[in-house]
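# Fold and geometry: a report
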Amino acid sequence: MWSANSFQRKVIEYYRQHGRKHLPWQGTKDPYRIWLSEIMLQQTQVATVIPYYEAFLERFPTIVDLAEASSDEVMHLWSGLGYYSRARNLHKAAKTVAEEYAGTFPQDPEEIEALPGIGLSTAGAIAAFAFDKPTAILDGNVKRVLARCYGIEGWAGKSAVLKALWAKAEENTPVKDTAQYNQAMMDLGAVICTRTKPKCDKCPLAKECFALKQGMISELPGKKPKKARPKRSVYWLVCIEDNQVLLHKRPPSGIWGGLWCFPEIEQSEPIPEHSQKLSSFVHKFSHYDLEVQPLLVKKLSKTGIMEPNETERFALAFLNKKTQAKTAQIGLPTPVSKLLASLQ
DNA sequence: TATACGTGGGC
DNA sequence: TGCCCAAGTAT
């Protein structure tokens, strides 16, 4: 097995020759742009992120622009990207940077990690990429490369496994050229050491890779134990009056927090009178299935479900023109957008 | 430590 | 088709 120094050189040399260097967030030292990319890329693939990243920066070019925005507009620009707590935390952190750091992003890794939505790995990435700090990262790409290369078995959700992976990450991360090394490891994991069908013939670490030598590519890294996925069944009340449709802003925590949805009731409740069933569908989350039965209702107040006085929790989104439904500056979950589009 | 939290791609 | 999971964090 190589020394840490030899490992670093091979990984960096691979990146110098073959790595991706022109992704939209590369080639900048702007901590805001690096931070935004790292948050959007959490559990999300590069190709999905790119258009969101461009649009977000177009509207919010600086941290202060973001800090001064309404939450509805921030959520609007995150709509469809998923894991919406990322956007809520991003907005909250931008306000913190604007108010407590005078709009200048902190350089200390510990201060970076103290911002909401930034964990140890993301803090390490930002500190290394923006400020050339010697901080290690351990995202999914790095975990996969290290688990295979060193034969670290077990699921990274287990603390002992995570600890072993972090130990290797720290051990191999150079104090000099940390940013280049971190970028190279991410690239190696994303392009070469992929989950299925890795391109071992092009891997700079193939010669000493434990998984390759032992025929354990498909066993490493260890898989998360699977659990049953429950199903929840709800009605969505589609109430259209004067070419306007009633939407409800969800509370800030929980699924689709801060986004606007059709008023929702459990299917264990009786169907409101004079309601008409539209086409039902199943929306699959990673942790449960949501069976949605949209109901066209005349007047929401006549359903007896909702009190009309709760005006602060409700608002109207216009549907009378396609452009208005599309450009309303509010956050809409993907299935809500799709159902709205189908009503036009 | 286990669970909540979105969406779309790959096979 | 259904399942796994992708640049994770918060609780």
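Bear in mind that the values here come from a model prediction, so they are computed numbers and not experimental data. (Residues numbered from 1 in each chain as written. Chains lettered and ligands numbered in written order. Predicted model: local features only at pLDDT ≥ 70, side-chain atom pairs only at ≥ 80, totals over all residues. Heavy atoms only, no water.)

## What about the UniProt feature "domain: HhH-GPD" (unreviewed entry) in chain A?
Here is the rule: UniProt positions are given in the numbering used here, feature names are shortened, and annotations may be inferred rather than shown by experiment. Strands here are runs of E lasting at least two residues and helices are runs of H or I lasting at least four, both read from the DSSP assignment and numbered beginning at the N terminus.
With numbering matched to this structure, UniProt assigns "domain: HhH-GPD" (unreviewed entry) to residues 40-191. Taken end to end, residues 40-191 is 66% helix and 0% strand, and its first and last C-alpha atoms sit 19 Å apart.

## Looking at unusual backbone geometry
The following threshold applies: Exposure classes here rest on a 1.4 Å probe applied to the protein chains alone. A residue is buried below 20% of its type maximum, exposed above 50%, and partly exposed in between.
The omega angle of the peptide bond from L220 to P221 is 0°, so this bond is cis rather than trans. Considering the arrangement of structural elements, one finds P221 in the loop between α12 (210-214) and β1 (231-241). One non-glycine residue with positive phi stands out, namely Y83, at about 45°. Within the fold, Y83 resides in the loop between α5 (71-78) and α6 (85-100). What makes Y83 partly exposed here is its relative accessible area of 48%. Positive phi values are uncommon outside glycine, yet K197 reaches one of about 50°.

## Topic: the protein's contact with DNA strand B
What counts here: Whether a residue is near a molecule or strand depends on its heavy atoms: if one lies within 4 Å, it is near. Any N or O atom pair separated by 3.5 Å or less is treated as a polar contact, with the protein-specific requirement of one donor-capable and one acceptor-capable atom, and with residues adjacent in sequence counted only for side-chain atom pairs. Note on residue classes: Ala, Val, Leu, Ile, Met, Phe, Trp, Tyr, Cys and Pro are nonpolar, Asp, Glu, Lys and Arg are charged, and everything else, Gly too, is polar.
Around DNA strand B there are 23 residues in total, and Y83, Y84, S159, W256 and H283 lie nearest to it. Of all atoms in DNA strand B that approach within 4 Å of the protein, 64% are sugar or phosphate atoms. T44 has a polar side-chain atom sitting 3.1 Å from a base nitrogen of DNA strand B. For DNA strand B, a phosphate oxygen lies 2.7 Å from a polar atom in the backbone of W256. Among the elements of the structure, β6 (281-284) and α14 (334-342) are those that each provide at least two residues to the surface near DNA strand B. Broken down by class, the residue content of the surface near DNA strand B amounts to eight nonpolar, 11 polar and four charged.

## A word on the nonpolar core
Our working definition: Residue types Ala, Val, Leu, Ile, Met, Phe, Trp, Tyr and Cys, when buried and joined through side-chain atoms within 4.5 Å, form a set referred to as a nonpolar core. Segmentation into domains, and thus their bounds, comes from an automatic or database assignment. Contact criterion: two residues are considered in contact whenever any of their non-hydrogen atoms come within 4.5 Å of each other.
Judged by nonpolar contacts, the single largest core of 91 residues is most densely connected at F7, W35, F56, W78 and F105. Counting contributing residues, this core receives three or more from each of domain 1 (4-214) and domain 2 (231-342). If we skip the residues at most four places from it in the chain, W35 touches I63, L90, A93, A94, F105, I118 and I126. In this structure, Y235, L237, C239 and V297 belong to the second largest nonpolar core, which totals seven residues.

## Remarks on the domain arrangement of chain A
This is how the line gets drawn: A 1.4 Å probe defines the accessible area here, and the buried area is the portion of it lost by two parts on being joined, summed over both. Salt bridge criterion: a side-chain nitrogen from Lys or Arg within 4 Å of a carboxyl oxygen from Asp or Glu.
Its domain assignment divides chain A into domain 1 (4-214) and domain 2 (231-342). Between the C-alpha centres of domain 1 and domain 2 the distance comes to 36 Å. On the domain 2 side, the residues contacting the 10 residues of domain 1 number 17 residues. The junction of domain 1 with domain 2 conceals about 930 Å² of combined surface from both sides, 42% of it contributed by carbon and sulfur atoms. In this assembly, domain 1 and domain 2 are joined by one salt bridge. Here K249 ties to D72 by a salt bridge, and the two come within 3.1 Å at their closest N and O atoms.

## Focus: the pattern of salt bridges
Side chains that carry opposite charge are capable of pairing whenever their charged atoms lie near each other. Tallied over the full model, the rule gives 13 salt bridges. Here R20 ties to D187 by a salt bridge, and the two come within 2.7 Å at their closest N and O atoms. Of this pair, R20 sits in the loop between α1 (4-18) and α2 (31-40) while D187 sits in helix α11 (residues 178-192); the two residues are 167 residues apart in sequence, bridging distant segments of the chain. Judged by its relative accessible area of 29%, R20 falls in the partly exposed class. On the accessibility criterion, D187 (1% relative accessible area) is buried. Salt-bridge contacts for E266 lead to R232; the nearest nitrogen and oxygen are separated by 2.5 Å. Here E266 is found in strand β4 (residues 264-266), whereas its partner R232 is found in strand β1, with 34 residues between them in sequence. R232 sits in the partly exposed class, given a relative accessible area of 26%. Three or more residues are tied together by salt bridges with common partners; here these are R232, R250, E264 and E266.

## Considerations on the packing of aromatic side chains
Heads up, the condition is: When the centres of two rings from Phe, Tyr and Trp lie within 6.5 Å, Trp using its six-membered ring, the rings pair. Their planes under 30 degrees apart give stacked, over 60 give edge-to-face, and anything left gives tilted. When the NZ atom of lysine or the CZ atom of arginine is within 6 Å of a ring's centre and also within 35 degrees of its normal, the charge is said to sit over that ring.
For the structure on display, the rule yields 12 aromatic pairs. Judged by centre distance (5.8 Å) and plane angle (25°), the rings of W236 and F262 are stacked. Highlighted residues: W236 in strand β1 and F262 in the loop between β3 (260-261) and β4, separated in sequence by 26 residues. Since its relative accessible area comes to 0%, W236 is described here as buried. Centre to centre, the rings of F285 and Y288 are 4.8 Å apart; their planes meet at 50°, and the pair counts as tilted. Here F285 matches Y288 in class, with each residue buried. Members of the aromatic cluster, each reached through a chain of ring pairs, are W236, W256, F262, F281, F285 and Y288. Over the aromatic face of Y15 sits the side chain of K21, whose NZ or CZ is 5.1 Å from the ring centroid. Of note, K168 hangs over the ring of Y150, and the distance from its end group to the ring centre comes to 4.2 Å.

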